[in-house]
Amino acid sequence: MSSPYGLKLAAHIISTYFGDIVCKVCECLLRKGPLSQLEVTRFTELTKQKVTDALLVLIHHNCVQAFTIQQPGGFGEPPKIMTKYMALPDNIIHHMRFPKFLSIVSAEFGQDCAEIFEGLLQHGRLSLNQTMDRYKDKHKASGENSSATNVVHENFSKLAQARYIERCPAHEPFLEPLEDGAKKRAKSKIADATQTLEARALAAAAPMESQRFLVEADTLIGGVLDDEDSKKSSITDIVGEKRKLEPETESWGTNERKEILWRVNFEEFIRRLRHKSCVSHVTERVDSVAGIVLSAIFEASRKDETRVKTEKTVPLLLETIYEEAMKTEEGRSLTLERVRAALVQLGCELPTIGIDETYSIDLKKIIYQAQAQEVESIVLKKYGREAYRIFRLLSERERRIETDKISSTTFVEKKDALKILFQLWKDDYLNLERVGNEAQKMEIMLWELNKRSVWEQVLDDMYHAALNLKLRLVHELDHAQDLLRVLKGKSLKEGDEAAKMRKKVQDKWKVLEASFMILDDAIMLFHDF
């Protein structure tokens, strides 16, 4: 993450959840990149034990990933194996979306699954046995109650099959030197050298796809541990030193009892929210039928999607799309021809031969249209309606346009158009290219949308606004607590006034929370979708 305010927002979230010491360690990793434990200790000026504890908390809550690399030794010394830690800013930002994730699970599977899922949100990583213990403690079930065990196992399996939870990654995957990797993959189209260190570490830590969502009864992978082995299996095995486990145990995360650990699969929820955003945009821009058809396509191709930012949907037969649409109450009245017409509205081309009609939707285009709509609204508020028309023209054309053409197309006087164009150029919204015309002995100015700069500015401003909203929510909470202390023990008449003040605080809190949720939707549109 390169957004300055995005990093500040991530640090604030960590401070809110885990306190100032953990925040100090996390902020150090966010700003300086992957560091060893010794480097973190030196930069933060904290004790080694405090850094160790902070790293453990961050790892357990999926905010930091550890990995080991081989570094060259000094003169005449062999290479050294070093453990480094890198912050995961996207996972940290996802913490503020936990209510959205929980509502999705609750709506799809009910309260029992939501309770299990809520435990993973609260504790970061849990084994199946720990989830069962938590459920039994909450519902006062005895250890021999098989019905409670069956309920937990069944609901846990539902979450895994829906890909809402996944096995944790390896604690400290080893990254082989780039030279060795390049030799092994010389024939590959994408060499390891083109990947960042962070991407290589995440890829190495990820469990195999065949085992990522596999639910089995927790067993001791390495056999029964004796007391001495249990004592040696301390938290320092995770932080500071490379673990010495059998090769097969390094493919996923385990706890000190060698039980497989599970966590929330953020990717699946972002994919679901991306689908919801696309359907909402299409419904608003085209019509409700197009939204129903797109939703049916998402549902039919859900298991075939492997990445969050898929540019195009999996090609599907027209009959498959129609059958999926018919499963919903809104789609039961649709005809095959109406579905075909909606697919044309979504940008699909009708096949020349009517046998095995397959359709694929360009999601990248839908996302870009939604992003452009958000930016256009910002330009309208910031620069005015004439600037909005100019910006929209450049956004839709996606090519260089000369000043006279812009002026005539948007019905803005050339003098005013130049003033607006130069203001947008000054704010890095546009690119300017000057071309000399020797025949007419004059200079032609060509203008083009600077999409990357604009999108980065907008996203950083959104992070800034989200941080301000978070700080305001904290302020209002402190104010509400002070108000409750002051009003405690007041008389009935004074209590009526207290009830009004309490309701005023609650209403203000609801408005701030709703505003934050809407703003977060826009942040996901520009960063995650």
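See the structure above.
Residues numbered from 1 in each chain as written. Predicted model: local features only at pLDDT ≥ 70, side-chain atom pairs only at ≥ 80, totals over all residues. Heavy atoms only, no water.

Undergrad: What am I meant to see in the overall build of the protein chain here?
TA: For the protein chain, the helix and strand inventory stands at 23 helices and 12 strands. Taking all 529 residues of the protein chain together, 44% fall into the buried category. (Helix = DSSP H or I, 4+ residues; strand = E, 2+ residues; numbered from the N terminus. Buried < 20%, exposed > 50% of the residue type's maximum accessible area, 1.4 Å probe, protein only.)

Undergrad: Looking at this structure, I do not really get the pairing of strand E2 (residues 64-71). What am I missing?
TA: Remark: a regular strand shows side chains that alternate across the two faces of the sheet. Where burial is concerned, most of E2 is hidden: 6 out of the 8 residues are buried. When E2 meets strand E3 (residues 80-87), the two strands line up antiparallel, connected through 8 bridges. For Phe67, the partnering residue across the bridge sits in E3 and is Lys84. Where E2 meets strand E6 (residues 174-175), 2 bridges bridge the pair, whose relative direction is parallel. Pairing of Ile69 across the sheet is with Leu175, part of E6. (Pairing = 2+ DSSP bridges.)

Undergrad: Would you explain the packing of helix H2 (residues 20-32) against helix H3 (residues 37-44) in this entry?
TA: What describes two packed helices is the angle between their axes and the distance between those same axes. Close contact between H2 and H3 brings their axes to 10 Å; oriented N to C, the two are set at 105°. Classified by the angle their axes make, H2 and H3 are roughly perpendicular. Of the residues in H3, those in contact with Lys24, Val25, Cys28, Leu29 and Lys32 of H2 are Val40, Phe43 and Thr44. Looking at the contact of H2 with H3, its residues break down into 5 nonpolar, 1 polar and 2 charged. (Axes fitted to C-alpha atoms, helices over the stretch in contact; angles between N-to-C directions. Parallel < 35°, antiparallel > 145°, perpendicular 65-115°, else oblique. Contact = heavy atoms within 4.5 Å. Nonpolar A, V, L, I, M, F, W, Y, C, P; charged D, E, K, R; others polar.)

Undergrad: I'm lost on the sheet that holds strand E1 (residues 35-36) in this one. Help?
TA: The pairing of strands in a sheet comes from backbone hydrogen bonds and takes either a parallel or an antiparallel form. Read across the sheet, 4 strands follow the order E1-E3-E2-E6 without closing on themselves; strand pairing throughout is mixed. Of all strands in the sheet, those bounded by a partner on one side alone are E1 and E6. Here helix H11 (residues 197-205) sits on the sheet in contact with E2, E3 and E6, set at roughly 105° to E2.

Undergrad: I keep staring at the sheet that holds strand E4 (residues 126-127) and nothing clicks. Help me out?
TA: In space, the 3 strands of this open sheet follow the order E4-E7-E5, with antiparallel pairing throughout. The sheet is open, and its two borders are formed by E4 and strand E5 (165-167), each paired with just one other strand. Pairing of E4 with strand E7 (residues 261-264), which is carried by 2 bridges, proceeds in the antiparallel orientation. Its bridge partner lying in E7, Ser127 is registered against Leu261. Sheet contacts for helix H7 (residues 111-123): E4, E5 and E7; angle to E7, the most-contacted strand, approximately 95°.

Undergrad: Even after reading the chapter, I still don't get the environment of Leu424, so can you show me in this structure?
TA: One can find Leu424 in helix H21 (residues 414-426). Under the relative-accessibility criterion, Leu424 is labelled buried at 0%. In contact with Leu424, other than residues within four places in its own chain, are Tyr383, Tyr429 and Leu430.

Undergrad: Before we go on, may I ask you to explain empty space enclosed by the protein in this structure?
TA: Summary: where empty space remains is shown by rolling a probe the size of a single water molecule over the atoms. Using the criterion set out here, one finds 3 cavities of 30 Å³ or more in the structure. In this structure, the largest cavity occupies an estimated 70 Å³ of space. Along its surface, the largest cavity is lined by Glu115, Ile116, Gly119, Leu126, Thr131, Arg134, Tyr135 and Lys138. For the lining of the largest cavity, the secondary-structure elements that each account for two or more residues are H7 and helix H8 (128-139). Among the elements that line the lining of the largest cavity, the one with the most residues is H8, at 4 residues. Here the lining of the largest cavity is built from residues that sort into 3 nonpolar, 2 polar and 3 charged. Each pocket or cavity is described by its volume, and for the second largest cavity that value is around 50 Å³. Residue composition of the lining of the second largest cavity, by class: 5 nonpolar, 4 polar and no charged. (1 Å grid on protein atoms, 1.4 Å probe; cavity = no way out; pocket = protein on both sides within 12 Å on 5 of 7 lines; lining within 4 Å. Points joined across faces, edges and corners; volume = space filled by probe spheres on them.)

Undergrad: Would you mind showing me how to read the pattern of salt bridges here?
TA: Any two side chains of opposite charge can pair, given that their charged atoms come close. Enumeration over the complete set of coordinates arrives at 28 salt bridges. Note that Arg272 and Glu108 form a salt bridge whose closest N and O atoms lie 3.4 Å from each other. Pair noted here: Arg272 is in helix H14 (residues 266-285) and Glu108 is in helix H6 (residues 98-109), with a separation of 164 residues, a long-range link. The class for Arg272 is buried, based on a relative accessible area of 18%. The residue Arg272 makes a salt bridge to Glu268 at a minimum N-O spacing of 3.9 Å. Of the two residues, Arg272 and Glu268 both sit in helix H14, 4 residues apart, roughly one turn of that helix. (Salt bridge = Lys/Arg side-chain N within 4 Å of Asp/Glu carboxyl O.)

Undergrad: What's the story with H3 in this structure? I'm lost.
TA: Structurally, the α-helix is built with 3.6 residues per turn, so residues lying three or four positions apart point the same way. Inspection of H3 places Gln37, Val40, Thr41 and Thr44 among the buried residues, and these make up the whole buried set. Take H3 and look down its axis: the buried residues cluster within an arc of 100°, on one side only. In this structure, the buried side of H3 is in contact with H2, E1, helix H4 (48-60) and E3. One or two steps after H3, the chain reaches Glu45, where phi turns positive at roughly 60°. (Arc of directions from axis to C-beta.)

Undergrad: Quick question: what am I supposed to make of the nonpolar core here?
TA: Taken as a class, soluble globular proteins show a tendency for nonpolar side chains to be buried jointly. Membership of the largest hydrophobic core comes to 123 residues, with the highest contact counts inside it found for Phe117, Val293, Leu294, Leu343, Ile361 and Leu394. Considering each element in turn, this core owes the most residues, 10 residues, to helix H22 (residues 451-487). If we skip the residues at most four places from it in the chain, Leu394 touches Arg399, Ile401, Ile406, Leu421, Leu430, Trp447 and Leu449. Counting residues in each nonpolar core, the second largest holds 6 residues, with Phe67, Ile69, Met86 and Leu175 among its members. (Core = buried A, V, L, I, M, F, W, Y, C linked by side-chain atoms within 4.5 Å.)

Undergrad: Can you help me understand H11 in this one?
TA: Every buried residue belonging to H11 is among Arg200, Ala201 and Ala205, and all of these are buried. Seen along its axis, H11 keeps its buried residues to an arc of 125°; they face one direction.

Undergrad: Sorry, what's going on with the environment of Leu88 here?
TA: Tracing the sequence through the fold places Leu88 in the loop between E3 and helix H5 (89-94). In this structure Leu88 comes out as buried when scored by relative accessible area, which is 11%. The spatial distance from the C-alpha of Leu88 to the C-alpha of Val64 is 5.5 Å, given a sequence separation of 24 residues.

Undergrad: Help me understand the packing of aromatic side chains in this model?
TA: Where two aromatic rings form a pair, the distance of their centres and the angle of their planes describe that pair. Applying the stated criterion across every chain yields a total of 15 aromatic pairs. Their ring planes at 5° and their centres at 5.9 Å tell us that Tyr368 and Trp455 sit as a pair that is stacked. Of this pair, Tyr368 sits in helix H18 (residues 363-383) while Trp455 is found in helix H22, placing the two residues 87 residues apart along the sequence. The class for Tyr368 is buried, based on a relative accessible area of 15%. On the basis of relative accessible area, Trp455 is assigned to the buried category, the value being 9%. An aromatic cluster of three or more residues is present, and its members are Phe98, Phe101, Phe109, Phe117, Tyr164, Phe266 and Phe269. Cation over ring: Arg42 sits above Phe43, and NZ or CZ is 5.2 Å from the ring centre. Lys451 extends its terminal NZ or CZ atom over the ring of Trp455, reaching a point 5.6 Å from the ring centre. (Phe/Tyr/Trp six-rings, centres within 6.5 Å; stacked < 30°, edge-to-face > 60°. Lys NZ or Arg CZ within 6 Å of the ring centre and 35° of its normal.)

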